[in-house]
Amino acid sequence: MGAVSARLPVFPWDKLEPYKATAAAHPDGIVDLSVGTPVDPVPELIREALAGAADSPGYPTVWGTAELRDALTGWLGRRLGAVGVGHRNVLPVVGSKELVAWLPTQLGLGPGDKVAHPRLAYPTYEVGARLCGAEPVAYEDPTALDPSGLKLLWLNSPSNPTGRVLPKEELVRIVAWAREHGVLLVSDECYLELGWEAEPVSVLHPDVCGGTYEGLVAVHSLSKRSNLAGYRAAFIAGDEAVLGELLLIRKHGGMMTAAPVQAATVAALGDDVHVHEQRARYAARRAALREALVKHGFRIEHSEASLYLWATRDEGCWQTVAHLAELGILVAPGDFYGEAGARFVRVAFTATDERVEAAVKRLG
């Protein structure tokens, strides 16, 4: 029974509990900047679409409604500049974390196979490899990897945790390398609509992929751009051969996005106004926290996109976590994302305006 869980690392967030207790003891309460979970209301038009589809007594389909697939392909063309995208190039999934964790298993990977991910990375890339018995491999530059046995290459731009954006030229180089060596490239682009000091580009853009999606899959989520983390609304797009295989597997597994969530996704992708409004909220919070952290003695690296500031005081990350916890501020230690983050902390700016203001005052 414990054979699979024994392959996995210790769940890192449990280590943060003592610091959370310290921060919570602050007279004015905790300011939790450790997790990038949305706190603002779900836009009204999305809630209306969800409620309007609430009378859904039948089973939804794994591939989603035609209306959903139209919304996905339309958004990919309008927002990412993807060309020639059809229904066979898209597939809804039950939240992007589910997809990241189970993709290697659904691709049939196992012992002897390798799954590569950035050296500083969302921990679920490694978890997905370990769940199926494959070997996780961390990289600085993926084109420096030994391609033998490498079956899946994860990109993440904008990055979690660093907020780094890969330039278009670098994406072109990596895509060419992956295709040359027959490695499936999966690009986690869940923060793509949250560029601040750089404009993120998708691997599905014709300037990157050359107008063909062969060997490429992009992962997208509505959790951040539309405050839908609680809806588990996400999708993948790209190589129709890969997505077709995943569709067959997911049908057998009953991995269906709920019908009301499908309707809500259609509404969310069809409206850009709420995205711009939410970006404005995050931009203001980001500016306030960044200025306060710098004045407090922090240095911010990368952070040109995403919902995080990658910050350091040039000390061990747990020392920084403890320091901020005494101020009632909880942040994530950088080593949650790999050993290379041992002197950094990740600061989310997803708290309410009131809590961000409280953090700024305490840092001052």
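Structure: see above.
Residues numbered from 1 in each chain as written. Predicted model: local features only at pLDDT ≥ 70, side-chain atom pairs only at ≥ 80, totals over all residues. Heavy atoms only, no water.

Student: Got a minute to help me understand the packing of helix 1 (residues 17–24) against helix 11 (residues 317–326) in this structure?
Tutor: The packing of two helices is summarised by the inter-axis angle and the distance between the axes. Close contact between helix 1 and helix 11 brings their axes to 7 Å; oriented N to C, the two are set at 25°. The pairing of helix 1 with helix 11 is recorded here as roughly parallel in orientation. Across from Tyr19, Thr22 and Ala23 in helix 1, the residues of helix 11 making contact are Trp318, Val321, Ala322, Ala325 and Glu326. A class-by-class count of the residues in the contact of helix 1 with helix 11 yields six nonpolar, one polar and one charged. (Axes fitted to C-alpha atoms, helices over the stretch in contact; angles between N-to-C directions. Helix = DSSP H or I, 4+ residues; strand = E, 2+ residues; numbered from the N terminus. Parallel < 35°, antiparallel > 145°, perpendicular 65-115°, else oblique. Contact = heavy atoms within 4.5 Å. Nonpolar A, V, L, I, M, F, W, Y, C, P; charged D, E, K, R; others polar.)

Student: Hey, could you run me through the environment of valine 186 in this one?
Tutor: Along the chain, valine 186 falls in strand 6 (residues 184–188). Since its relative accessible area comes to 0%, valine 186 is described here as buried. Along the chain, valine 186 and tryptophan 154 lie 32 residues apart, while their C-alpha atoms are 5.1 Å from each other. Setting aside anything within four residues of it in sequence, one finds valine 186 in contact with Leu103, Leu152, Leu153, Trp154, Leu155, Val217 and Val219. (Buried < 20%, exposed > 50% of the residue type's maximum accessible area, 1.4 Å probe, protein only.)

Student: So what exactly am I meant to see when it comes to the sheet that holds strand 9 (residues 299–301) here?
Tutor: What links the strands of a sheet is backbone hydrogen bonding, and the strands pair in either a parallel or an antiparallel sense. In spatial order, the strands read 9-10-13-12; together these four strands make up an open sheet with antiparallel pairing. Strand pairing shows two members of the sheet lacking a second neighbour, strand 9 and strand 12 (332–333), which therefore form its edges. Sheet topology places strand 9 next to strand 10 (residues 308–312); three bridges connect them, and they run antiparallel. Each bridged residue has a counterpart across the sheet, and for glutamate 301 the counterpart in strand 10 is tryptophan 310. Contacting strand 9, strand 10 and strand 13 (345–348), helix 10 (residues 273–295) crosses the sheet at an angle of about 5° to strand 10. (Pairing = 2+ DSSP bridges.)

Student: Explain the packing of helix 10 against helix 12 (residues 353–363) to me, please; I cannot follow it from the model alone.
Tutor: Where helix 10 contacts helix 12, the two axes come as close as 9 Å, and the packing angle between them is 15°. Taken together, the axes of helix 10 and helix 12 lie roughly parallel to each other. When the axes of helix 10 and helix 12 are compared, the crossing they make is left-handed. Where helix 10 abuts helix 12, its residues Arg285, Ala288, Leu289, Ala292 and Leu293 lie against Asp353, Val356, Ala359, Val360 and Leu363. For the contact of helix 10 with helix 12, a count of residues per class yields eight nonpolar, no polar and two charged. (Left-handed = near helix turned anticlockwise from the far one by under 90°.)

Student: Whenever I open this one, helix 6 (residues 168–180) confuses me. Can you help?
Tutor: Since one α-helical turn is 3.6 residues long, residues separated by three or four positions face the same way. An ideal rise of 1.5 Å per residue puts 18 Å on 13 residues; helix 6 measures up with 18 Å between its terminal C-alpha atoms. Immediately downstream of helix 6, the backbone of glycine 182 shows phi near 65°, a positive value. (Expected span 1.5 Å × (residues − 1).)

Student: Would you explain the pattern of salt bridges in this entry?
Tutor: Pairing between side chains of opposite charge can happen when the charged atoms of each approach one another. Applying the stated criterion across every chain, the model contains 25 salt bridges. With its nearest N and O atoms 2.9 Å apart, the salt bridge here joins arginine 285 to aspartate 40. Taken together, the residues span a long stretch of sequence, with arginine 285 in helix 10 and aspartate 40 in the loop between strand 1 (31–32) and helix 2 (44–52) at a distance of 245 residues. As far as burial versus exposure is concerned, arginine 285 and aspartate 40 are alike and both buried. Arginine 130 is the salt-bridge partner of glutamate 126, the closest N and O atoms lying 2.7 Å from each other. Placement of both glutamate 126 and arginine 130 in helix 5 (residues 124–131) is noted, with a separation of four residues, approximately one turn of the helix. On the basis of relative accessible area, glutamate 126 is assigned to the partly exposed category, the value being 25%. (Salt bridge = Lys/Arg side-chain N within 4 Å of Asp/Glu carboxyl O.)

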